[in-house]
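# Per-entry structural report
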Amino acid sequence: MHFTRIDANSDEKFDAWFGVLQRSERSRDGESGQGWHPDEWRARSIDETAPRVFHLYSYGPTAERPVAVGALEVTRDDNLAFIEGNLFVDPAERRRGYGSTLLQELEAAARDLRRPTLVIFVIEGSREIGSGPNRSFAAGHGYRIAEEHVRRDLEWPRPSGELDHLWETWSPFATDYEIISWTDGTPEELVEARAHLSAIMPTEAPHVDIDVEAEHWDAARVRLHEATTHRMGRDLLVAAARHRASGELVGYSELTVSRDQPQTAYQWDTLVVRRHRGHRLGGLLKVATMRLLESGQYPTRKITTFNSMLNEPMIAVNEALGARVAGAMVAWRKDL
Ligand SMILES: CC(C)(COP(=O)(O)OP(=O)(O)OC[C@H]1O[C@@H](n2cnc3c(N)ncnc32)[C@H](O)[C@@H]1OP(=O)(O)O)[C@@H](O)C(=O)NCCC(=O)NCCS
């Protein structure tokens, strides 16, 4: 058996790598979702100079026939104290020790990249929350839970009049703010402010046992994020809140939908900076992105979102919008 980093440009190796991941994702118990599409993994795995790039690994008799696969998300300048990764064993090949061996190899690769902590993310289906195979596996290999997230799905489209009603209920709290939205890239005059919000996003969201730092973002990185998302085959539907008095951009929300597989839209970042919270801006931003989904006439059937279990304000917004629990995501941490 061999452990190898594969080149995402090699069709044969990449397709085999993706096949294991896809079979593993489909074997989840309950609401398996669509997961990342192959083009999306690829788009984020080929540019070695990007602020974040995935290193993809295969484990098996040959790189063309892996029994287990993994990924490490290598950041160039951000959060160098830890590295995030994933690990999947082909459902037909489980309980043979392959997961354990691949995990050891990923730990060695993380050490080679000089990252002292490895954080493995895993998604559980709605019928295996708290009981997926990861629970005994990761704990048995010296990992502890760093964070637990809940996945919620919102059926789409919403009943007629519902978004109007929410908008009317929440907007009286936010008269000091203007909500702006766009689909074709951030307006030039907002791009620096938008970069700042992305930079502080990691430190503004609640974290339990992962010491995150602000990231390095500038206007060019916002443009790169937009270009990469486009290459992933996705449209970005964005809303932002501007404080009328100061002109400051104080929050944003991103909804993304695949042009090829638009059935499931994904909620990405939503942020309202601390001193501007309490004005229902989180909900208003989400409604504004949903308006874009509506006007774009996407044949979407549901919107999926992940929140930290501790993020009560965001969970309250999602519940008010009508989203319901559909799975979990666990971050397992080990100091290497
Ligand atoms: C979790 C996963 C990686 C385990 O892979 P694997 O190759 O089956 O793991 P191993 O054979 O090395 O198992 C090692 C030990 O983990 C525990 N374990 C693994 N799967 C388990 C399960 N379904 N139920 C209970 N314990 C389990 C057992 O203690 C096992 O030892 P044993 O078989 O001697 O009892 C695999 O089930 C998988 O890909 N799941 C979906 C993706 C995932 O959860 N990834 C993140 C893992 S943190």
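Summarised in this report is the structure supplied together with it. (Residues numbered from 1 in each chain as written. Predicted model: local features only at pLDDT ≥ 70, side-chain atom pairs only at ≥ 80, totals over all residues. Heavy atoms only, no water.)

## Notes on the packing of aromatic side chains
Under the definition given, this model contains 7 aromatic pairs. When the ring of phenylalanine 14 is compared with that of tryptophan 17, the centres are 5.8 Å apart and the planes differ by 20°; the resulting orientation is stacked. Of this pair, phenylalanine 14 and tryptophan 17 both sit in helix α1 (residues 11-26), 3 residues apart, which is roughly one turn of the helix. In this structure tryptophan 17 comes out as buried when scored by relative accessible area, which is 1%. Site record: aromatic cluster; members linked through ring pairs are Phe14, Trp17, Phe18, Trp41 and Phe54. In this structure, arginine 44 packs its charged tip against the face of tryptophan 36, placed 4.0 Å from the ring centre. Sitting over the ring of tryptophan 41, arginine 44 keeps its end group 5.4 Å from the ring centre. (Phe/Tyr/Trp six-rings, centres within 6.5 Å; stacked < 30°, edge-to-face > 60°. Helix = DSSP H or I, 4+ residues; strand = E, 2+ residues; numbered from the N terminus. Buried < 20%, exposed > 50% of the residue type's maximum accessible area, 1.4 Å probe, protein only. Lys NZ or Arg CZ within 6 Å of the ring centre and 35° of its normal.)

## What about the packing of helix α8 (residues 281-295) against helix α9 (residues 312-321)?
The contact between α8 and α9 brings their axes to 9 Å, and the two run at 45°. In this view, α8 runs oblique relative to α9, as classed from their interaxial angle. As α8 packs across α9, the resulting crossing turns out to be right-handed. Residues Gly282, Gly283, Lys286, Val287 and Met290 of α8 form the contact with α9, whose own contacting residues are Met314, Val317, Asn318 and Leu321. (Axes fitted to C-alpha atoms, helices over the stretch in contact; angles between N-to-C directions. Parallel < 35°, antiparallel > 145°, perpendicular 65-115°, else oblique. Left-handed = near helix turned anticlockwise from the far one by under 90°. Contact = heavy atoms within 4.5 Å.)

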